[in-house]
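# Breakdown of the fold
Here are the chains, one letter per residue:
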Amino acid sequence: MADQIPLYPVRSAAAAAASHRRAAYYSATGPGPGADRRGSCCDWLINVCQRKKELKARTVWLGCPEKCEEKHPRNSIKNQKYNIFTFIPGVLYEQFKFFLNLYFLVVSCSQFVPALKIGYLYTYWAPLGFVLAVTIAREAIDEFRRFQRDKEMNSQLYSKLTVRGKVQVKSSDIQVGDLIIVEKNQRIPSDMVFLRTSEKAGSCFIRTDQLDGETDWKLKVAVSCTQRLPALGDLFSISAYVYAQKPQLDIHSFEGTFTREDSDPPIHESLSIENTLWASTIVASGTVIGVVIYTGKETRSVMNTSNPKNKVGLLDLELNQLTKALFLALVVLSIVMVTLQGFAGPWYRNLFRFLLLFSYIIPISLRVNLDMGKAAYGWMIMKDENIPGTVVRTSTIPEELGRLVYLLTDKTGTLTQNEMVFKRLHLGTVSYGTDTMDEIQSHVLNSYLQVHSQPSGHNPSSAPPRRSQASTPKVKKSVSSRIHEAVKAIALCHNVTPVYEARAGVTGETEFAEADQDFSDENRTYQASSPDEVALVRWTESVGLTLVSRDLASMQLKTPSGQVLTYCILQMFPFTSESKRMGIIVRDESTAEITFYMKGADVAMSTIVQYNDWLEEECGNMAREGLRTLVVAKRTLTEEQYQDFESRYSQAKLSIHDRTLKVAAVVESLEREMELLCLTGVEDQLQADVRPTLEMLRNAGIKIWMLTGDKLETATCIAKSSHLVSRTQDIHIFRPVTNRGEAHLELNAFRRKHDCALVISGDSLEVCLRYYEHELVELACQCPAVVCCRCSPTQKAHIVTLLRQHTRKRTCAIGDGGNDVSMIQAADCGIGIEGKEGKQASLAADFSITQFRHIGRLLMVHGRNSYKRSAALGQFVMHRGLIISTMQAVFSSVFYFASVPLYQGFLMVGYATIYTMFPVFSLVLDQDVKPEMAILYPELYKDLTKGRSLSFKTFLIWVLISIYQGGILMYGALVLFEAEFVHVVAISFTALILTELLMVALTIRTWHWLMVVAEFLSLGCYVASLAFLNEYFDVAFITTVTFLWKVSAITVVSCLPLYVLKYLKRKLSPPSYSKLSS
């Protein structure tokens, strides 16, 4: 259920600051963030009506919602766009903001005025009513689904703890201060502070894939003061409160304190992100009890929900321009007619009647046909067996896939598989690769065997002496002990937790008791916050040192001989993107030795470890191989050193102001002169067929930019290994810049380079954009490839927006994680991959694919077909309207400029629907190039981006064709009729239908059996209906040979020249694709 409510995370602090105003605005404006806020006028009105409510920090008493000083929002989820009253106005506004639809509304309404009435009301209202009915029905179904989803979420029942025991309460009735019990696999209903759990370790796992797109589980810790209470009911016997900071956007941080007043002295505990349970996450282990601190619009998940904008395709915008041009022509034509009448009589009324008579110049069926066409393309994409699992989520922009110039892609999980494999261990003097891992295994085995065989008094953590063999050189010993130390460090310094699957039949509390005893390998899985971590722990298992259990206070390793070593965890310092490193302090139970282990990126660690001459060089070598590097180091602490550190650390954690800075300063006091143990290399494997796909896209003239949060070295090496940057190309690495002067120099240096790929980091990019936005974008656009590393989600979206504004070209963003959502929504066309990081990106995207390589076929084949077909369809529908307006103009001018309709009632409705609808719509099955050809020659795609299939030039050609054919049909009928005026109508109308059918045949490039069926079906319908249309036609005349030869003659004159011209054009200047298909 939860996976249908996409949440769009914002990860960077900059974004949090920038979006603060929006957050304050959400809490003020009535309808939740799902509501549709339009236009600045509406915003202004809302702001005037409701003063903004300031978000404030709060003090929450446990189990006492009535003690809250402020009124907090209801805890209900609202994703609906409209309510009962705004639905119809809202939907109508969305429709009539298009010029085309508004024009038709005006025309249809004019028919209620008797003086302007031309023909029957249904000829105008039926098509308009049909369009609106379809749209309203579609919106109503979507809205109803949203309503049902919201209702389902809001009426989920939870257990609330009260003085009288447990009571069931709806999710939407939960208030700030309530104590809520959440079972395993249940959604957390609001933001809470974690008070206690059924797990004896005092911690639990939660799944956060709906919040940040990460699929791994997060470990959360209960407040120790409440976890220690003997029974659940004791939560009401204590007097305690939580102080929480004001609601904000950042889902990765929280500052607060827990205070118990009735103890002596009062207990104060600091609360951080690991004590929180955010709404929309799911409990993965045990049962948890928490106190609610934020509800409804103030929860992190709702504040991070951005409103996706409605995307409109370029083709729709171009057609909108053409309809405006047609409207201009319509007005001019009507004025000419009235002028030729000599402004006689009530001329303004005649002017309006002419406007109505020629209103068919702008066909209402244009929108119907195009919308149905888009639905058909979407269906074809989803049914394509070569790209299984593809989903079209935004059905309005399939043509965009054929017009893309820039493709912005994420790296991890999109180009790479996000599956890590341990490849290299480097100890400074010796390096081990995949083929020499067995040596490490034997070293580890030996060192533990010796420890085992020594008397118990010996210190096992010192380098285990090898059995003295005279032949063994001295160096060998040190290598063995160094390998042992390195493997032990990798096995201890991480945030991985082994999880044991419970076997059937074992339930409840016993499950954990049993699982603790059973360390068998087959039902152990590892959970961690990043796949790199799991790869490292799996590797230590493969060389003999296995992580078998872990809780908040301790960790157990199993040696190759089966002995279990226990280590106490004294402190954990988690990895952050600022510090780029993580640390842990452990005490070995058997020797009481305290060690501080640390691992992190080479940039962060190079200043922390003791001086050495190999680290930088080896890191560079590994990065060139495409490996992600981590530096591992350790420092042994005495008991006094540790006690001193601990007192300073807990003091810093309780401070309310600048807590993060103070804590970081205390930890840094330990990070000095650490002993460098080893350097590890982990490979992130490329997705299937990434290289040929990128090659194809490059040949198609699409410029590819890679935007990633990863390190510069890793990003560069993936860019090379995936052939994003070709072998021969130079790479210009943009030096880090911090101010305007540096940026100026660096940009000048870059300007002198030609045809080289650019690699730039997020910070430098930020500086350059601040001072030299235009210059940077201009230079970057000339590059064959651009790599931006260390990008935050908001920066990714910013780059997309910049490209769109500066180049006015179509952009496409492709990604797979929650951090790519903002980029996907900012692009003209967003593609999401269902990846390791959850479904967030694919839910927020316009198109969702299962593998990166599918993008080639999606663009080359489906993008091409959708654009070409829609262009042909749109212009043909316009031609259909123009030709009948030309006939009307000729008719009126022959009969003394009378504003009388040529065809009445059903003939007009039938013309646009039953007689020509199927053949014209069958153009959506047309294709100019076979799919195999389009993929084999991606260069064909370059033509599409120039937009030549639908331009003012092609449109003018169609206008000329319409004028020629309309003129011939009308004049021919007038010249050839003898006595009755009814005959003119019969001859010209029949010739018109035949001409239209022949013109469809002329436009088609590749025949499909359905097209033939459509042609004959329409002809059959027309012939059959002649019998019933005796009010318009003289049935006796229709059956004569005279009628037949006259119709045939006119039709031949109107169509033959065009066939000849088409043949000559194919011979003399064939289009590029025809050279391939011949």
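Treat the numbers as computed from the prediction; the structure is a model and nothing was measured.

### Description of the overall build of the chain
- Within the chain, the secondary structure is distributed over 38 helices and 33 strands.
- Here the chain, with 1078 residues, has 54% of them falling under the buried criterion.
- In the chain, once contacts between residues fewer than 6 apart in sequence are set aside, the share between residues at least 24 apart is 74%.
- For the chain, the computed accessible surface area is about 47000 Å², with 59% contributed by carbon and sulfur atoms.

### As for the packing of helix α28 (residues 854-894) against helix α34 (residues 981-1003)
- Two elements in contact, α28 and α34, have axes whose closest approach is 12 Å; the angle formed by their N-to-C orientations is 155 degrees. With respect to α34, the element α28 is oriented roughly antiparallel. For the crossing formed where α28 meets α34, the hand is right-handed. Taking contact as the criterion, the partners of Phe-876, His-879, Arg-880, Ile-883, Ile-884, Met-887 and Phe-891 in α28 are, on α34, Phe-981, Ser-988, Leu-992, Thr-995, Glu-996, Met-999, Val-1000 and Thr-1003.
- Within the contact of α28 with α34, the residues separate by chemical class into nine nonpolar, four polar and two charged.

### Thoughts on the UniProt feature "binding site: Mg(2+)" (unreviewed entry) in the chain
- Taken from the UniProt record, the annotation "binding site: Mg(2+)" (unreviewed entry) applies to Asp-410, Thr-412, Asp-816 and Asp-820. Over a stretch of 411 residues, the named residues converge on one spot in the fold, their C-alpha atoms separated by at most 10.6 Å.
- One can find Thr-412 in the loop between β15 (404-409) and β16 (416-426).
- Thr-412 gets classed as buried once you look at its relative accessible area, which sits at 14%.
- By the element assignment, Asp-816 lies in the loop between β31 (810-815) and α26 (821-826).
- Owing to a relative accessible area of 0%, Asp-816 belongs among the buried residues under this scheme.

### A look at helix α11 (residues 347-357)
- Among the residues of α11, Asn-350, Arg-353, Phe-354, Leu-356 and Leu-357 are the ones counted as buried. When α11 is viewed along its axis, its buried side chains cluster within an angular range of 160 degrees and face the same direction.
- Buried residues along α11 sit against α5 (99-110), α6 (122-154), α10 (314-341) and α28.

### Focus: the pattern of salt bridges
- Following the criterion strictly, the structure yields 33 salt bridges and no others.
- Measuring nitrogen to oxygen at the nearest pair gives 2.7 Å for the salt bridge that ties Asp-820 to Lys-796. Residue Asp-820 is located in the loop between β31 and α26, and its partner Lys-796 is located in helix α25 (residues 793-807); the two are separated by 24 residues in the primary sequence.
- Its relative accessible area of 0% is what places Asp-820 among the buried residues.
- Lys-796 sits in the buried class, given a relative accessible area of 1%.
- Where Asp-926 meets Arg-1005, a salt bridge forms, and the shortest distance between an N and an O atom there is 3.5 Å. Of this pair, Asp-926 sits in the loop between α30 (917-921) and α31 (931-936) while Arg-1005 sits in the loop between α34 and α35 (1009-1026); the two residues are 79 residues apart in sequence, bridging distant segments of the chain.
- Here the residues in one salt-bridge network are Glu-400, Arg-804, Arg-810 and Asp-828, joined through shared partners.

### Details of the pairing of strand β29 (residues 756-761)
- Of all six residues in β29, six are buried, a share of seventy percent or more.
- Pairing geometry for strand β28 (residues 730-733) and β29, over four bridges, is parallel. Bridge pairing in β29 places Asp-730 opposite Cys-756.
- For the handedness criterion, the β-α-β arrangement of β28, helix α23 (residues 740-751) and β29 is classed as right-handed.
- After leaving β29, the chain enters helix α24 (residues 762-782) and then returns to the sheet as strand β30 (residues 785-789), a path that is right-handed.

### Some words on the sheet that holds strand β26 (residues 675-686)
- A sheet is described by the order of its strands in space; here nine strands give the open sequence β17-β16-β26-β25-β24-β23-β22-β21-β20, paired in antiparallel fashion. The sheet is open, and its two edges are formed by β17 (431-432) and β20 (546-550), each paired on a single side.
- Relative to strand β23 (residues 581-588), strand β22 (residues 564-573) is paired through six bridges, and the arrangement is antiparallel. From the neighbouring strand, Met-572 faces β23, where its bridge partner is Ile-584.
- Those strands touched by helix α16 (residues 531-542) are β16, β20, β23, β24 (594-600), β25 (627-637) and β26, and its axis lies near 45 degrees from that of β16.
- Sheet strands touched by helix α22 (residues 712-721): β16, β25 and β26. Its angle to β26, the strand with the most contacts, is close to 35 degrees.

### Let's talk about the sheet that holds β28
- Ordered by their spatial adjacency, nine strands build an open sheet running β14-β33-β32-β31-β15-β27-β30-β29-β28, and the pairing between neighbours is mixed. Because the sheet does not close on itself, it has two edges, and the strands there are β14 (391-392) and β28.

### Description of the environment of Leu-936
- Within the element layout of this structure, Leu-936 appears in helix α31.
- For Leu-936, a relative accessible area of 57% puts it in the exposed group.
- C-alpha of Leu-936 to C-alpha of Met-860: the two residues are 76 residues apart in sequence and 9.5 Å apart in space.

### Quick notes on the environment of Gln-175
- In this structure, Gln-175 sits in the loop between β3 (165-170) and β4 (179-182).
- Expressed as a C-alpha distance, the spacing of Gln-175 and Thr-295, which sit 120 residues apart in the sequence, is 6.9 Å.

### Overview of the environment of Leu-105
- Among the secondary structure elements, Leu-105 is positioned in helix α5.
- The sequence separation of Leu-105 and Trp-125 amounts to 20 residues, and the corresponding C-alpha distance is 8.6 Å.
- If we skip the residues at most four places from it in the chain, Leu-105 touches Phe-96, Trp-125 and Leu-128.

### Observations regarding the pairing of β30
- Of all five residues making up β30, five are buried, and the element is well covered by its neighbours.
- Across four bridges, the pairing between strand β27 (residues 703-707) and β30 is parallel. From the neighbouring strand, Leu-707 faces β30, where its bridge partner is Cys-788.
- Both β29 and β30 contribute to a ladder of four bridges, which runs parallel. Residue Ser-761 lies in a different strand from β30, and its bridge partner there is Cys-789.

### Re the packing of aromatic side chains
- With the rule as written, the count across this model stands at 29 aromatic pairs.
- For the pair Phe-422 and Trp-539, a centre-to-centre distance of 4.1 Å together with 15 degrees between the ring planes defines the contact as stacked. One end of the pair, Phe-422, is in strand β16; the other, Trp-539, is in helix α16, with 117 residues separating them in the sequence. Judged on exposure class, the residue Phe-422 and its partner Trp-539 are both buried.
- Taken together, a centroid distance of 6.4 Å and an interplanar angle of 45 degrees make the contact between Phe-989 and Phe-1033 tilted. On the criterion of sequence distance, the pair formed by Phe-989 in helix α34 and Phe-1033 in the loop between α35 and α36 (1035-1038) is long-range, its members being 44 residues apart.

### Describing the packing of helix α12 (residues 365-383) against α28
- Relative orientation of the contacting elements α12 and α28 amounts to 160 degrees, with a least axis distance of 10 Å. The angle between the axes of α12 and α28 places the two elements in the roughly antiparallel class. Every pair of crossing elements has a handedness; the one defined by α12 and α28 is right-handed. Listed contacts from α28 to Ser-365, Leu-366, Asn-369, Leu-370, Tyr-377, Met-380 and Ile-381 of α12 are Leu-858, His-862, Ser-866, Arg-869, Ser-870, Leu-873, Gly-874, Val-877, Met-878 and Arg-880.
- In terms of residue class, the contact of α12 with α28 is made up of nine nonpolar, six polar and two charged.

### Describing α35
- The terminal C-alpha atoms of α35, which comprises 18 residues, lie 26 Å apart, in line with the 26 Å expected from a rise of 1.5 Å per residue.
- Burial in α35 covers these residues: Met-1011, Ala-1014, Glu-1015, Ser-1018, Tyr-1022, Ser-1025 and Leu-1026. Considered in projection along α35, the buried side chains sweep an arc of 120 degrees and stay on one side of the axis. Exposed and oriented more than 90 degrees from the buried face of α35 are Trp-1009, Phe-1016 and Val-1023.

Definitions and cut-offs
- Residues numbered from 1 in each chain as written.
- Predicted model: local features only at pLDDT ≥ 70, side-chain atom pairs only at ≥ 80, totals over all residues.
- Heavy atoms only, no water.
- Helix = DSSP H or I, 4+ residues; strand = E, 2+ residues; numbered from the N terminus.
- Buried < 20%, exposed > 50% of the residue type's maximum accessible area, 1.4 Å probe, protein only.
- Contact = heavy atoms within 4.5 Å.
- Areas by Shrake-Rupley, 256 points an atom, 1.4 Å probe, with all protein chains shown as cover.
- Axes fitted to C-alpha atoms, helices over the stretch in contact; angles between N-to-C directions.
- Parallel < 35°, antiparallel > 145°, perpendicular 65-115°, else oblique.
- Left-handed = near helix turned anticlockwise from the far one by under 90°.
- Nonpolar A, V, L, I, M, F, W, Y, C, P; charged D, E, K, R; others polar.
- UniProt positions renumbered as here; feature names shortened; annotations may be inferred.
- Arc of directions from axis to C-beta.
- Salt bridge = Lys/Arg side-chain N within 4 Å of Asp/Glu carboxyl O.
- Pairing = 2+ DSSP bridges.
- Right-handed = clockwise from strand over helix to strand, strands pointing away.
- Phe/Tyr/Trp six-rings, centres within 6.5 Å; stacked < 30°, edge-to-face > 60°.
- Expected span 1.5 Å × (residues − 1).

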